[in-house]
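Chain by chain, the residues run as shown.
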Amino acid sequence: MALIKTEEEIELLRIGGKILARILKDLAEYVKPGISTEDINDYALTLTEKYGVEPVLLGYHPEFADYPYPAALCTSVNDTVQHGVPRADEILEEGDVINLDMTIGYQGMIVDSGITIPVGKTDEQSTKLMNVTREALAIGIKQAKAGNRIGDISHAIEMFVTSHGFSVVEALCGHGVGHAVHEEPQIPNFGRAGTGPLIKVGNVFAIEPIVNVGKKDVIFDDEGDGYSVFSKDGSRSAHFEHTVVVTEKGPEIVTKL
Ligand code: MF3
Ligand code: CO
Ligand code: CO
(Lines give C-alpha, C1' and ligand atoms only; values in the text may rest on other atoms or scores of the structure.)
(Ligands and ions follow the chains in the order given, each with its own letter.)
Protein backbone atom coordinates (compact mmCIF):
# COMPACT_ATOMS: atom_id res chain seq x y z
CA MET A 1 0.00 0.00 0.00
CA ALA A 2 1.49 3.25 -1.15
CA LEU A 3 2.33 5.79 1.53
CA ILE A 4 2.35 8.51 -1.13
CA LYS A 5 -1.17 9.15 -2.36
CA THR A 6 -2.01 10.27 -5.90
CA GLU A 7 -3.78 13.53 -6.72
CA GLU A 8 -6.94 11.50 -7.55
CA GLU A 9 -6.81 9.73 -4.19
CA ILE A 10 -6.26 13.01 -2.38
CA GLU A 11 -9.31 14.47 -4.12
CA LEU A 12 -11.41 11.58 -2.72
CA LEU A 13 -9.91 12.14 0.75
CA ARG A 14 -11.00 15.78 0.53
CA ILE A 15 -14.60 14.80 -0.22
CA GLY A 16 -14.67 12.03 2.42
CA GLY A 17 -13.03 14.36 4.93
CA LYS A 18 -15.71 17.01 4.50
CA ILE A 19 -18.42 14.38 4.98
CA LEU A 20 -16.77 13.07 8.16
CA ALA A 21 -16.56 16.63 9.52
CA ARG A 22 -20.27 17.02 8.77
CA ILE A 23 -21.10 13.74 10.52
CA LEU A 24 -19.12 14.70 13.64
CA LYS A 25 -20.87 18.08 13.71
CA ASP A 26 -24.28 16.40 13.44
CA LEU A 27 -23.32 13.97 16.22
CA ALA A 28 -22.04 16.78 18.44
CA GLU A 29 -25.39 18.57 18.12
CA TYR A 30 -27.17 15.34 19.05
CA VAL A 31 -25.19 14.74 22.26
CA LYS A 32 -27.13 15.69 25.40
CA PRO A 33 -27.74 14.37 28.91
CA GLY A 34 -29.97 11.28 29.02
CA ILE A 35 -29.01 9.66 25.72
CA SER A 36 -26.89 6.50 25.59
CA THR A 37 -23.67 5.98 23.69
CA GLU A 38 -25.56 3.35 21.69
CA ASP A 39 -28.01 6.08 20.61
CA ILE A 40 -24.99 7.99 19.25
CA ASN A 41 -23.85 4.92 17.34
CA ASP A 42 -27.33 4.39 15.87
CA TYR A 43 -27.41 8.00 14.70
CA ALA A 44 -23.88 7.68 13.29
CA LEU A 45 -25.01 4.69 11.22
CA THR A 46 -28.03 6.64 9.96
CA LEU A 47 -25.72 9.49 8.93
CA THR A 48 -23.33 7.21 7.01
CA GLU A 49 -26.32 6.03 4.97
CA LYS A 50 -27.59 9.57 4.50
CA TYR A 51 -24.21 10.80 3.22
CA GLY A 52 -23.32 7.66 1.26
CA VAL A 53 -20.15 6.65 3.12
CA GLU A 54 -18.91 3.37 4.62
CA PRO A 55 -18.76 2.88 8.42
CA VAL A 56 -15.39 1.12 8.13
CA LEU A 57 -14.84 0.64 11.87
CA LEU A 58 -17.85 -1.70 12.01
CA GLY A 59 -16.27 -5.13 11.60
CA TYR A 60 -12.71 -3.75 11.61
CA HIS A 61 -10.39 -6.14 13.42
CA PRO A 62 -7.38 -4.39 14.93
CA GLU A 63 -4.35 -6.47 15.92
CA PHE A 64 -4.83 -5.77 19.62
CA ALA A 65 -8.42 -7.10 19.83
CA ASP A 66 -9.88 -10.61 20.07
CA TYR A 67 -12.95 -9.80 18.00
CA PRO A 68 -13.99 -7.30 15.30
CA TYR A 69 -15.09 -3.85 16.40
CA PRO A 70 -18.90 -3.87 16.84
CA ALA A 71 -19.77 -0.22 16.13
CA ALA A 72 -19.39 2.67 13.66
CA LEU A 73 -17.44 4.86 16.06
CA CYS A 74 -15.69 4.92 19.42
CA THR A 75 -17.43 6.80 22.23
CA SER A 76 -15.05 7.40 25.15
CA VAL A 77 -16.60 9.06 28.21
CA ASN A 78 -14.64 10.86 30.99
CA ASP A 79 -11.80 8.54 32.14
CA THR A 80 -12.24 6.29 29.10
CA VAL A 81 -9.18 7.39 27.15
CA GLN A 82 -9.93 5.71 23.80
CA HIS A 83 -11.87 2.96 22.01
CA GLY A 84 -14.98 3.13 24.20
CA VAL A 85 -17.59 0.79 22.68
CA PRO A 86 -21.10 2.30 22.48
CA ARG A 87 -23.54 0.67 24.95
CA ALA A 88 -27.27 0.93 25.64
CA ASP A 89 -26.61 1.11 29.41
CA GLU A 90 -24.11 3.94 29.24
CA ILE A 91 -26.21 7.07 29.74
CA LEU A 92 -24.61 10.50 29.37
CA GLU A 93 -24.87 12.91 32.28
CA GLU A 94 -24.63 16.69 32.46
CA GLY A 95 -20.96 17.66 32.88
CA ASP A 96 -19.46 14.53 31.27
CA VAL A 97 -16.96 14.84 28.47
CA ILE A 98 -17.19 12.48 25.52
CA ASN A 99 -14.80 11.71 22.70
CA LEU A 100 -16.38 10.78 19.37
CA ASP A 101 -13.81 9.12 17.12
CA MET A 102 -14.93 7.90 13.73
CA THR A 103 -13.35 6.52 10.60
CA ILE A 104 -15.23 6.35 7.29
CA GLY A 105 -14.59 5.18 3.75
CA TYR A 106 -15.49 7.17 0.66
CA GLN A 107 -14.97 5.48 -2.70
CA GLY A 108 -12.25 3.30 -1.26
CA MET A 109 -10.37 6.06 0.57
CA ILE A 110 -10.37 6.25 4.36
CA VAL A 111 -10.42 9.30 6.65
CA ASP A 112 -10.29 9.44 10.45
CA SER A 113 -11.26 12.24 12.84
CA GLY A 114 -12.27 12.79 16.43
CA ILE A 115 -13.53 15.47 18.78
CA THR A 116 -14.05 15.74 22.53
CA ILE A 117 -17.10 17.71 23.65
CA PRO A 118 -18.92 18.48 26.89
CA VAL A 119 -22.31 16.97 27.67
CA GLY A 120 -24.28 20.09 28.53
CA LYS A 121 -22.00 22.34 30.60
CA THR A 122 -18.83 20.95 32.16
CA ASP A 123 -16.27 22.12 34.73
CA GLU A 124 -13.33 24.48 34.20
CA GLN A 125 -10.62 21.80 34.31
CA SER A 126 -12.36 19.67 31.69
CA THR A 127 -12.79 22.73 29.50
CA LYS A 128 -9.08 23.48 29.80
CA LEU A 129 -8.26 19.84 29.01
CA MET A 130 -10.29 20.01 25.80
CA ASN A 131 -8.83 23.38 24.78
CA VAL A 132 -5.24 22.27 25.37
CA THR A 133 -5.78 19.01 23.45
CA ARG A 134 -7.45 20.78 20.51
CA GLU A 135 -4.59 23.27 20.37
CA ALA A 136 -1.99 20.50 20.69
CA LEU A 137 -3.47 18.96 17.55
CA ALA A 138 -3.19 22.28 15.68
CA ILE A 139 0.43 22.65 16.81
CA GLY A 140 1.28 19.09 15.75
CA ILE A 141 -0.35 19.57 12.36
CA LYS A 142 1.84 22.63 11.67
CA GLN A 143 4.88 20.31 11.79
CA ALA A 144 3.43 17.95 9.16
CA LYS A 145 5.36 19.41 6.24
CA ALA A 146 7.71 17.90 3.70
CA GLY A 147 11.32 17.78 4.95
CA ASN A 148 10.34 17.50 8.61
CA ARG A 149 10.39 14.21 10.49
CA ILE A 150 7.59 12.46 12.39
CA GLY A 151 9.41 13.26 15.64
CA ASP A 152 8.87 16.97 14.94
CA ILE A 153 5.11 16.41 15.20
CA SER A 154 5.51 14.24 18.32
CA HIS A 155 7.82 16.68 20.07
CA ALA A 156 5.68 19.75 19.38
CA ILE A 157 2.59 18.05 20.81
CA GLU A 158 4.38 16.77 23.91
CA MET A 159 5.99 20.12 24.73
CA PHE A 160 2.71 22.00 24.43
CA VAL A 161 0.71 19.52 26.51
CA THR A 162 3.24 19.17 29.33
CA SER A 163 3.71 22.95 29.51
CA HIS A 164 0.04 23.10 30.53
CA GLY A 165 0.47 20.51 33.28
CA PHE A 166 -1.34 17.67 31.53
CA SER A 167 0.16 14.39 30.36
CA VAL A 168 0.40 12.74 26.98
CA VAL A 169 -0.74 9.12 26.74
CA GLU A 170 2.19 7.19 25.34
CA ALA A 171 0.48 3.82 24.84
CA LEU A 172 -1.61 5.07 21.87
CA CYS A 173 -0.60 7.08 18.85
CA GLY A 174 -1.49 8.59 15.48
CA HIS A 175 -0.82 6.82 12.19
CA GLY A 176 -0.78 6.91 8.43
CA VAL A 177 -4.24 6.57 6.86
CA GLY A 178 -5.91 6.60 3.45
CA HIS A 179 -5.96 3.06 2.05
CA ALA A 180 -6.46 1.39 5.45
CA VAL A 181 -7.72 2.39 8.89
CA HIS A 182 -4.16 2.18 10.23
CA GLU A 183 -1.06 2.50 8.05
CA GLU A 184 2.59 3.18 8.62
CA PRO A 185 4.08 5.26 10.11
CA GLN A 186 3.10 5.41 13.76
CA ILE A 187 2.90 8.99 15.01
CA PRO A 188 3.60 9.11 18.76
CA ASN A 189 2.49 12.15 20.73
CA PHE A 190 5.87 12.40 22.47
CA GLY A 191 9.47 12.15 21.37
CA ARG A 192 12.49 13.96 20.01
CA ALA A 193 12.44 16.52 17.23
CA GLY A 194 14.42 15.58 14.14
CA THR A 195 13.95 11.83 14.63
CA GLY A 196 11.79 9.24 12.87
CA PRO A 197 10.61 8.88 9.27
CA LEU A 198 11.02 11.77 6.84
CA ILE A 199 7.75 13.48 5.87
CA LYS A 200 7.05 13.71 2.14
CA VAL A 201 4.53 15.39 -0.16
CA GLY A 202 1.60 12.97 -0.64
CA ASN A 203 1.81 11.47 2.85
CA VAL A 204 -1.53 11.27 4.67
CA PHE A 205 -1.55 11.24 8.45
CA ALA A 206 -4.11 10.83 11.21
CA ILE A 207 -2.66 13.04 13.93
CA GLU A 208 -4.31 12.52 17.31
CA PRO A 209 -3.03 13.79 20.64
CA ILE A 210 -4.50 11.88 23.59
CA VAL A 211 -4.19 13.83 26.83
CA ASN A 212 -4.90 12.99 30.46
CA VAL A 213 -5.54 15.50 33.25
CA GLY A 214 -3.52 13.30 35.61
CA LYS A 215 -0.87 10.68 34.89
CA LYS A 216 -0.19 9.22 31.45
CA ASP A 217 -0.68 5.58 32.55
CA VAL A 218 -3.60 3.66 31.05
CA ILE A 219 -5.35 0.33 31.61
CA PHE A 220 -6.48 -1.88 28.75
CA ASP A 221 -9.86 -3.44 29.50
CA ASP A 222 -8.87 -6.99 28.55
CA GLU A 223 -11.31 -8.53 31.03
CA GLY A 224 -14.11 -6.23 29.91
CA ASP A 225 -15.06 -5.34 26.34
CA GLY A 226 -11.52 -5.87 25.07
CA TYR A 227 -11.42 -2.38 23.52
CA SER A 228 -11.84 0.32 26.15
CA VAL A 229 -8.72 2.01 27.45
CA PHE A 230 -9.01 3.84 30.80
CA SER A 231 -6.75 6.26 32.61
CA LYS A 232 -5.15 4.39 35.50
CA ASP A 233 -5.70 7.22 37.97
CA GLY A 234 -9.32 7.76 36.90
CA SER A 235 -8.61 11.24 35.59
CA ARG A 236 -10.39 12.58 32.53
CA SER A 237 -8.93 12.31 29.08
CA ALA A 238 -9.41 14.14 25.79
CA HIS A 239 -8.57 13.44 22.15
CA PHE A 240 -8.79 15.45 18.95
CA GLU A 241 -7.90 14.02 15.58
CA HIS A 242 -7.65 15.17 11.98
CA THR A 243 -6.65 13.54 8.74
CA VAL A 244 -3.95 15.69 7.16
CA VAL A 245 -2.48 15.58 3.64
CA VAL A 246 1.09 16.80 3.20
CA THR A 247 1.01 19.06 0.11
CA GLU A 248 3.67 21.17 -1.64
CA LYS A 249 2.19 24.14 0.20
CA GLY A 250 2.21 22.46 3.62
CA PRO A 251 -0.25 20.49 5.74
CA GLU A 252 -3.87 20.43 4.53
CA ILE A 253 -6.55 19.32 6.99
CA VAL A 254 -9.14 17.34 5.03
CA THR A 255 -11.49 16.48 7.91
CA LYS A 256 -12.97 19.94 8.26
CA LEU A 257 -15.98 21.72 6.81
N1 MF3 B 1 -10.48 5.90 14.88
C2 MF3 B 1 -9.58 5.13 15.68
C3 MF3 B 1 -8.20 5.72 15.52
O4 MF3 B 1 -8.09 6.91 15.59
C5 MF3 B 1 -9.64 3.66 15.31
C6 MF3 B 1 -10.07 2.84 16.44
S7 MF3 B 1 -9.93 1.17 16.05
C8 MF3 B 1 -11.25 0.47 16.87
O9 MF3 B 1 -7.20 5.11 15.28
F10 MF3 B 1 -11.28 -0.75 16.49
F11 MF3 B 1 -11.08 0.59 18.17
F12 MF3 B 1 -12.35 1.10 16.51
CO1 CO C 1 -9.77 8.02 15.01
CO1 CO D 1 -6.68 7.51 14.22
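Our structure is the block above this text.
Residues numbered from 1 in each chain as written. Chains lettered and ligands numbered in written order. Predicted model: local features only at pLDDT ≥ 70, side-chain atom pairs only at ≥ 80, totals over all residues. Heavy atoms only, no water.

1. A look at the site of ligand 1
Phase 1: The immediate surroundings of ligand 1 are formed by 14 residues, with Asp101, Asp112, His182, Glu208 and Glu241 found nearest.
Phase 2: One of the side-chain nitrogen or oxygen atoms of histidine 175 is found 3.2 Å away from an oxygen atom of ligand 1.
Phase 3: Taken by itself ligand 1 offers 340 Å² of open surface, and the protein chains cover 98% of this.
Phase 4: The residue makeup of the shell around ligand 1, split by class, is six nonpolar, four polar and four charged. (Near = heavy atom within 4 Å. Polar contact = N/O pair within 3.5 Å; in protein donor to acceptor, adjacent residues only side chain to side chain. Areas by Shrake-Rupley, 256 points an atom, 1.4 Å probe, with all protein chains shown as cover. Nonpolar A, V, L, I, M, F, W, Y, C, P; charged D, E, K, R; others polar.)

2. Considerations on the sheet that holds strand 9 (residues 210-212)
Phase 1: In space, the three strands of this open sheet follow the order 5-9-12, with antiparallel pairing throughout. Each end of this open sheet is capped by a strand with a single partner; those strands are strand 5 (167-168) and strand 12 (237-239).
Phase 2: In terms of strand pairing, strand 5 meets strand 9 through two bridges, oriented antiparallel. Across the sheet, the residue bridging to valine 168 is valine 211, located in strand 9.
Phase 3: Packing of helix 3 (residues 124-142) onto the sheet brings it into contact with strand 9 and strand 12, and relative to strand 12 it is tilted by some 30 degrees. (Pairing = 2+ DSSP bridges. Helix = DSSP H or I, 4+ residues; strand = E, 2+ residues; numbered from the N terminus. Contact = heavy atoms within 4.5 Å. Axes fitted to C-alpha atoms, helices over the stretch in contact; angles between N-to-C directions.)

3. With respect to the coordination of the cobalt ion (ligand 2)
Phase 1: At 2.0 to 2.7 Å from the cobalt ion (ligand 2) lie its protein donor atoms, namely Asp101 (OD), Asp101 (OD), Asp112 (OD) and Glu241 (OE).
Phase 2: If you look at the cobalt ion (ligand 2), its six donor atoms make angles of 54 to 169 degrees with each other, and the shape they trace is irregular.
Phase 3: All donors of the cobalt ion (ligand 2) belong to a single chain; written as a sequence motif, their spacing is D-x10-D-x128-E.
Phase 4: The distance between the cobalt ion (ligand 2) and the cobalt ion (ligand 3) is 3.2 Å, with aspartate 112 acting as a donor to both metals. Of this pair, aspartate 112 sits in strand 4 (residues 109-118) while glutamate 241 sits in the loop between strand 12 and strand 13 (242-247), and the two are 129 residues apart along the sequence. Like aspartate 112, the residue glutamate 241 is buried in the burial classification. (Donors = N, O, S within 2.8 Å, 3.2 Å for Na, K, Ca; no water. Tetrahedral: all angles 85-135°; square planar, octahedral: opposite > 155°, others 65-115°. Buried < 20%, exposed > 50% of the residue type's maximum accessible area, 1.4 Å probe, protein only.)

4. Here we look at the coordination of the cobalt ion (ligand 3)
Phase 1: Those donors, Asp112 (OD), His175 (NE2), Glu208 (OE) and Glu241 (OE), are the protein atoms that reach the cobalt ion (ligand 3), and they lie 2.0 to 2.2 Å from it.
Phase 2: Seen from the cobalt ion (ligand 3), its six donor atoms lie at angles of 49 to 168 degrees, and the figure they make is irregular.
Phase 3: Along the chain, the residues donating to the cobalt ion (ligand 3) fall in the pattern D-x62-H-x32-E-x32-E.

5. Details of the nonpolar core
Phase 1: The biggest cluster of nonpolar side chains holds 66 residues, and the ones touching the most others in it are Leu27, Leu100, Met102 and Ile207.
Phase 2: Broken down by element, this core gets its largest block of residues, seven residues, from helix 1 (residues 7-30).
Phase 3: Look past the residues within four positions of isoleucine 207 in its chain and what remains in contact with it is Leu137, Gly140, Ile141, Ala144, Ile153, Ile157, Ile187, Phe240, Glu241, His242 and Val244.
Phase 4: Val169, Leu172, Ile210 and Val229 belong to the second-largest nonpolar core, a separate cluster that totals six residues. (Core = buried A, V, L, I, M, F, W, Y, C linked by side-chain atoms within 4.5 Å.)

6. Let's talk about the sheet that holds strand 13
Phase 1: Strand order in this open sheet of five strands is 7-6-8-13-14, and the pairing throughout is antiparallel. Each of the sheet's edge strands pairs with one partner strand only, and the pair in question is strand 7 (183-187) and strand 14 (250-253). Going across the sheet, the axis of each strand differs from the next one's by a mean of 30 degrees, ignoring polarity.
Phase 2: Bridging between strand 6 (residues 174-176) and strand 8 (residues 204-207) involves two bridges; their strand directions are antiparallel. Across the sheet, the residue bridging to histidine 175 is alanine 206, located in strand 8.

7. Re the pattern of salt bridges
Phase 1: Enumeration according to the criterion identifies nine salt bridges in this entry.
Phase 2: When the shortest N-O distance is used, the salt bridge between arginine 14 and glutamate 7 registers 3.4 Å.
Phase 3: Assessed through its relative accessible area of 23%, arginine 14 is described here as partly exposed.
Phase 4: Note that aspartate 123 and arginine 236 form a salt bridge whose closest N and O atoms lie 3.6 Å from each other. Within this pair, whereas aspartate 123 is found in the loop between strand 4 and helix 3, its partner arginine 236 is found in the loop between strand 11 (229-231) and strand 12, the two being separated by 113 residues in sequence.
Phase 5: Look at aspartate 123 and you get partly exposed, because its relative accessible area is 35%.
Phase 6: A network of salt bridges, in which partner residues are shared, links Glu7, Glu11, Arg14 and Glu252. (Salt bridge = Lys/Arg side-chain N within 4 Å of Asp/Glu carboxyl O.)

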